Amino acid sequence: MSQKVLLTAQEVTIILHRLACQLIEKHSDFSNTILVGIQPRGVFLAERLKRILEQEYKTPAIALGYLDITFFRDDFRRTDKPLEANKTKINFIVENKKVIFIDDVLYTGRSIRSALTAIQSFGRPSVIELLVLVDRRFSRHLPIQPDYRGRQVDAINNEKVKVSWKEQEGEDGVYLITS
Ligand SMILES: O=P(O)(O)OC[C@H]1O[C@H](OP(=O)(O)OP(=O)(O)O)[C@H](O)[C@@H]1O
Ligand SMILES: O=c1cc[nH]c(=O)[nH]1
């Protein structure tokens, strides 16, 4: 197994600030906007963006929720392992709100397809956008594309993009793992 650095911690920081600025351009004071981190790893990114927006760009407080998609996946019956769901925490009405799904990696698009189903239980947003840190190009199984992307990456099937977060792994970084 080998590992190549795709983004250093410093590059991740620069990209997060660029994404935060793109969000401000589109959502201005976020009064009608909700960030939704896709569990588990999109939550780190969503929390980080919220912190940058509020603390560094002085936006008003931004609503943030967590969405677990485990039982909304189309393949959840295909595994013999017991499934472990994460927490869904959406303490607000999404009806007529602008929802931004946030995840670390976009690959086949199946996780986001599941998120689109899962969010329906909380109402009908006026619009749903997608922000990802890494967009694995040419890998989609479904017609799903990001509205905001940190970096596009070309990777082949025996490769995996791994995003590390300092909250979880001790350091930010994006790696290409070849098995
Ligand atoms: O576009 P897709 O093909 O759905 O891939 C993207 C998903 O893959 C990763 O999660 P993964 O399914 O590896 O599991 P994890 O969330 O438990 O890390 C990642 O965090 C995305 O949610
Ligand atoms: O490369 C990939 C593909 C799916 N999910 C990841 O986290 N990385």
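Residues numbered from 1 in each chain as written. Chains lettered and ligands numbered in written order. Predicted model: local features only at pLDDT ≥ 70, side-chain atom pairs only at ≥ 80, totals over all residues. Heavy atoms only, no water.

A.B. asks: Tell me about the site of ligand 2, residues and numbers included.
C.D. replies: Taken together, the neighbourhood of ligand 2 is formed by V105, Y107, R136, K160 and V161. In this structure, an oxygen atom belonging to ligand 2 sits 2.6 Å away from a side-chain N or O atom of R136. V161 places a main-chain nitrogen or oxygen 2.7 Å from an oxygen atom of ligand 2. One can see that ligand 2 is located within the largest pocket. Residue classes in the shell around ligand 2 are distributed as three nonpolar, no polar and two charged. (Near = heavy atom within 4 Å. Polar contact = N/O pair within 3.5 Å; in protein donor to acceptor, adjacent residues only side chain to side chain. 1 Å grid on protein atoms, 1.4 Å probe; cavity = no way out; pocket = protein on both sides within 12 Å on 5 of 7 lines; lining within 4 Å. Sits in = over half its atoms within 2 Å of the grid points. Nonpolar A, V, L, I, M, F, W, Y, C, P; charged D, E, K, R; others polar.)

A.B. asks: Tell me about the packing of helix 1 (residues 9-27) against helix 2 (residues 41-56), and please be specific about residues and values.
C.D. replies: Contact geometry of helix 1 with helix 2 gives a least axis separation of 10 Å together with a crossing angle of 70°. Here helix 1 is positioned roughly perpendicular relative to helix 2, judged by the angle of their axes. Read as a crossing pair, helix 1 and helix 2 show a hand that is right-handed. The residues of helix 2 that touch helix 1, namely those facing L16, H17, L19, A20, L23 and I24, are L45, R48, L49, I52, L53 and E56. Here the contact of helix 1 with helix 2 is composed, by residue class, of nine nonpolar, one polar and two charged. (Axes fitted to C-alpha atoms, helices over the stretch in contact; angles between N-to-C directions. Helix = DSSP H or I, 4+ residues; strand = E, 2+ residues; numbered from the N terminus. Parallel < 35°, antiparallel > 145°, perpendicular 65-115°, else oblique. Left-handed = near helix turned anticlockwise from the far one by under 90°. Contact = heavy atoms within 4.5 Å.)

A.B. asks: Please set out the pattern of salt bridges residue by residue, giving values where relevant.
C.D. replies: Enumeration according to the criterion identifies 12 salt bridges in this entry. E129 is the partner of K26 in a salt bridge, and the nearest nitrogen-oxygen pair spans 2.6 Å. One end of the pair, K26, is in helix 1; the other, E129, is in strand 5 (residues 127-136), and 103 residues separate them in sequence. Its relative accessible area of 7% is what places E129 among the buried residues. The closest approach of N and O atoms between D135 and R140, which form a salt bridge, is 2.7 Å. Accessibility expressed as a relative area gives 1% for D135, which makes it buried. Connected through shared salt-bridge partners, R41, D104, K162 and E169 make up one network. (Salt bridge = Lys/Arg side-chain N within 4 Å of Asp/Glu carboxyl O. Buried < 20%, exposed > 50% of the residue type's maximum accessible area, 1.4 Å probe, protein only.)

A.B. asks: Talk me through the layout of surface pockets; I want residue IDs and the actual numbers.
C.D. replies: A volume near 770 Å³ is recorded for the largest pocket. As for the largest pocket, its lining consists of 28 residues, and the residues nearest its centre are R73, D103, D104, S111 and K160. Looking at the lining of the largest pocket, the elements with two or more residues in it are helix 2, strand 4 (98-106), helix 3 (110-119) and strand 7 (159-164). For the lining of the largest pocket, the residue count by class is 11 nonpolar, seven polar and 10 charged. (Points joined across faces, edges and corners; volume = space filled by probe spheres on them.)

A.B. asks: Describe the sheet that holds strand 6 (residues 148-153), and please don't skip the residues or the numbers.
C.D. replies: Ordered in space as 3-2-4-5-6, the five strands form an open sheet in which the pairing is parallel. The open sheet terminates on both sides in strands that have one partner only, identified here as strand 3 (63-67) and strand 6. Strand-to-strand twist across the sheet, computed as the mean angle between neighbouring axes with direction ignored, equals 25°. Pairing geometry for strand 4 and strand 5, over eight bridges, is parallel. Each residue of the ladder has a partner; that of D103, found in strand 5, is V132. Packing against the sheet, helix 2 makes contact with strand 2 (33-38), strand 3, strand 4 and strand 5, and its axis sits at approximately 125° to strand 4. (Pairing = 2+ DSSP bridges.)

A.B. asks: Please set out the site of ligand 1 residue by residue, giving values where relevant.
C.D. replies: Within the structure, ligand 1 sits among P40, R41, D103, D104, V105, L106, Y107, T108, G109, R110, S111 and K160. Between an oxygen atom of ligand 1 and a side-chain N or O atom of D104, the distance comes to 2.6 Å. The pocket occupied by ligand 1, as judged from atoms lying within 2 Å of grid points, is the largest pocket. For the shell around ligand 1, the secondary structure elements donating two or more residues are strand 4 and helix 3. Counting residues per element, the shell around ligand 1 draws most heavily on strand 4, at four residues. Each residue belonging to the shell around ligand 1 can be placed in one class, and the counts come to four nonpolar, three polar and five charged.

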